[in-house]
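The residues making up each chain are set out below.
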Amino acid sequence: MARPVTIFTGQWADLGLEEMCSLAKQMGYQGLEIATWGQLNVRKAAEDPDYVAQVKNTLEKYGLGCWAIGAHLPGQCVGDLWDSRLDGFAPAELAGKPEEIRAWGIEEMKYAARAAKAMGVKVVTGFMGSPIWKFWYSFPQTSEEMVNAGYEEIKRLWTPILDEFDKCGVKFALEVHPTEIAFDYYSTKKLLEVFEYRETLGINFDPSHLLWQGINPAVFLYDFADRVYHVHIKDVAVNLDGRNGILGSHITFGDPRRGWNFVSPGHGDVDFDKIIRVLNDKKYDGPLSIEWEDSGMERVFGGTEACEFTKKINFSPSDIAFDDALKTD
């Protein structure tokens, strides 16, 4: 099964498109999951065929494909309750203006759908935000009505966006992730139910956000496989030493005192063998996109090693039964 191995450019947004393509090729990748805050201007891509041709020509120059566009930051602005952290995700002139930031996020997501159509890309990955993330621990006491209202707010905000995705023939894949309206198994199930299993809305499967919560990523993947439109290869190492915990203690990512940290694929606790076997069983043939995050490793070394690791585990299912040769007739 020739699943392409790609790299998400969100953590490499300091590089221009040409430099990113050159480096990705050098590291061994077959394509990019291009971040909208990095190497792709979705508004230009939606409206300017010459710009799209320039982007596609640059990819082709380095023998790279593009199967997904990543729109995590504007998507977060759609559903989140504003605080000053969101100011860094939106244009600088909107800082401190919650409603304008939200309006920008909504329009940016619609442009992302149009840009994907113009690029010939069928999936946009990203976040949706959550107006109820602060309720994750139910104290002060949180009623079911408050939770349900949060899901309905996401449905209200995102339905016009998904309508635009439908017009463009593009799917949206939410990365199930803390701070999102869907952050674990049952919150994902509830989100799909609230949207009445609308085909446009699916999942960007990332095991690293599930494992440290105590969720088995392979079980999650098996149960939601029909909604998995894109896959991230990302690892996490859990390091509970009796002093720390899974909530992180407000300690910065990468600090060894934390109870868990993101690490380069193959250096953590994610069982990628089980994940690949589920992907094979469910006949997923889309990209395996490495979202590279490891504060303890130089990124080009890490990105290169991660590509080699992912190619090594990217095995195809068998087309024979292993015991066929044991028959005498």
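Further up the page is the structure itself.
Thresholds, definitions, all that
- Residues numbered from 1 in each chain as written.
- Predicted model: local features only at pLDDT ≥ 70, side-chain atom pairs only at ≥ 80, totals over all residues.
- Heavy atoms only, no water.
- Helix = DSSP H or I, 4+ residues; strand = E, 2+ residues; numbered from the N terminus.
- Rg over C-alpha atoms; globule rule 2.2 N^0.38 Å.
- Buried < 20%, exposed > 50% of the residue type's maximum accessible area, 1.4 Å probe, protein only.
- Contact = heavy atoms within 4.5 Å.
- Areas by Shrake-Rupley, 256 points an atom, 1.4 Å probe, with all protein chains shown as cover.
- Lys, Arg positive; Asp, Glu negative; His and termini not counted.
- Charge placed at Lys NZ, Arg CZ, Asp CG, Glu CD.
- Patch = residues over 30% accessible without salt bridge, like charges linked within 9 Å, V, L, I, M, F, W, Y side chains within 5 Å.
- Salt bridge = Lys/Arg side-chain N within 4 Å of Asp/Glu carboxyl O.
- Pairing = 2+ DSSP bridges.
- Axes fitted to C-alpha atoms, helices over the stretch in contact; angles between N-to-C directions.
- Polar contact = N/O pair within 3.5 Å; in protein donor to acceptor, adjacent residues only side chain to side chain.
- Phe/Tyr/Trp six-rings, centres within 6.5 Å; stacked < 30°, edge-to-face > 60°.

Engineer: Whenever I open this one, the overall build of the protein confuses me. Can you help?
Structural biologist: Looking only at helices and strands, one finds 11 helices and 10 strands in the protein. Here the C-alpha radius of gyration of the protein, 20 Å, is about what a compact globule of 329 residues would show, namely 20 Å. When its C-alpha atoms are laid out on the principal axes, the protein stretches across 70 × 55 × 40 Å. By residue count, 52% of the 329 residues in the protein fall in the buried class. Taking all contacts inside the protein whose residues are at least 6 apart in sequence as the whole, residues at least 24 apart take part in 79%. As displayed, the protein offers around 15600 Å² of accessible surface, 52% of which is attributable to carbon and sulfur atoms. Distance between charge centroids for the protein: 2 Å, based on 34 positive and 50 negative side chains.

Engineer: So what exactly am I meant to see when it comes to a nonpolar patch on the surface here?
Structural biologist: Where nonpolar side chains cluster on the molecular surface, the patch consists of Trp 136, Tyr 137, Phe 139, Val 238, Leu 240, Ile 246 and Leu 247 and spans about 780 Å² of accessible area. With respect to the helices and strands, Leu 247 occurs in the loop between strand S8 (235–238) and strand S9 (260–263).

Engineer: Help me understand the sheet that holds strand S5 (residues 171–175) in this model?
Structural biologist: By way of backbone hydrogen bonds, the strands of a sheet pair with one another, either parallel or antiparallel. Pairing in this closed barrel of eight strands is parallel, and the strands run S1-S2-S3-S4-S5-S6-S7-S10 around the ring. Within this sheet the neighbouring strands show an average axis-to-axis angle of 30°, counted without direction. By the bridge criterion, four bridges tie strand S4 (residues 123–126) to S5 in an arrangement that is parallel. Residue pairing across strands places Thr 125 opposite Ala 173, the latter belonging to S5.

Engineer: Can you help me understand the environment of Lys 134 in this one?
Structural biologist: Summarising the element assignment, Lys 134 is placed in the loop between S4 and helix H6 (144–168). You can call Lys 134 exposed: its relative accessible area is 60%. Expressed as a C-alpha distance, the spacing of Lys 134 and Pro 74, which sit 60 residues apart in the sequence, is 20 Å.

Engineer: Please explain helix H1 (residues 17–27) as it appears in this structure.
Structural biologist: The α-helix winds at 3.6 residues per turn, so residues separated by three or four positions along the chain end up facing the same way. Within the sequence span of H1, burial applies to Leu 17, Met 20, Cys 21, Leu 23, Ala 24 and Met 27. Buried residues belonging to H1 abut strand S1 (5–8), strand S2 (31–35), helix H3 (49–61) and helix H11 (299–313). Downstream of H1 by one or two residues, Gly 28 has phi in the positive range, about 105°.

Engineer: How should the environment of Thr 310 be read in this particular structure?
Structural biologist: Locating Thr 310 in the fold gives a position in helix H11. Between the alpha carbons of Thr 310 and Thr 6 there is a distance of 9.6 Å; along the sequence they are 304 residues apart. What Thr 310 contacts, discounting residues up to four positions off in sequence, is Val 5, Ile 233, Leu 288 and Ile 290. Only 2.8 Å separates the side chain of Thr 310 from the backbone oxygen of Ala 306, close enough to count as a polar contact.

Engineer: Hey, could you run me through the packing of aromatic side chains in this one?
Structural biologist: We describe a pair of aromatic rings using the distance from one ring centre to the other and the angle between the two ring planes. For the structure shown, the criterion picks out 16 aromatic pairs. Ring centres of Trp 133 and Phe 183 lie 5.1 Å apart, and the angle between their planes is 80°; on these two criteria the pair is classed as edge-to-face. Here Trp 133 is found in the loop between S4 and H6, whereas its partner Phe 183 is found in the loop between S5 and helix H7 (185–194), with 50 residues between them in sequence. Here Trp 133 falls in the partly exposed class, since its relative accessible area comes to 26%. One aromatic cluster is present, built from ring pairs that chain together Tyr 185, Tyr 186, Phe 205, Phe 220 and Phe 224.

Honestly, that's just the spatial picture; any functional story needs more than this.
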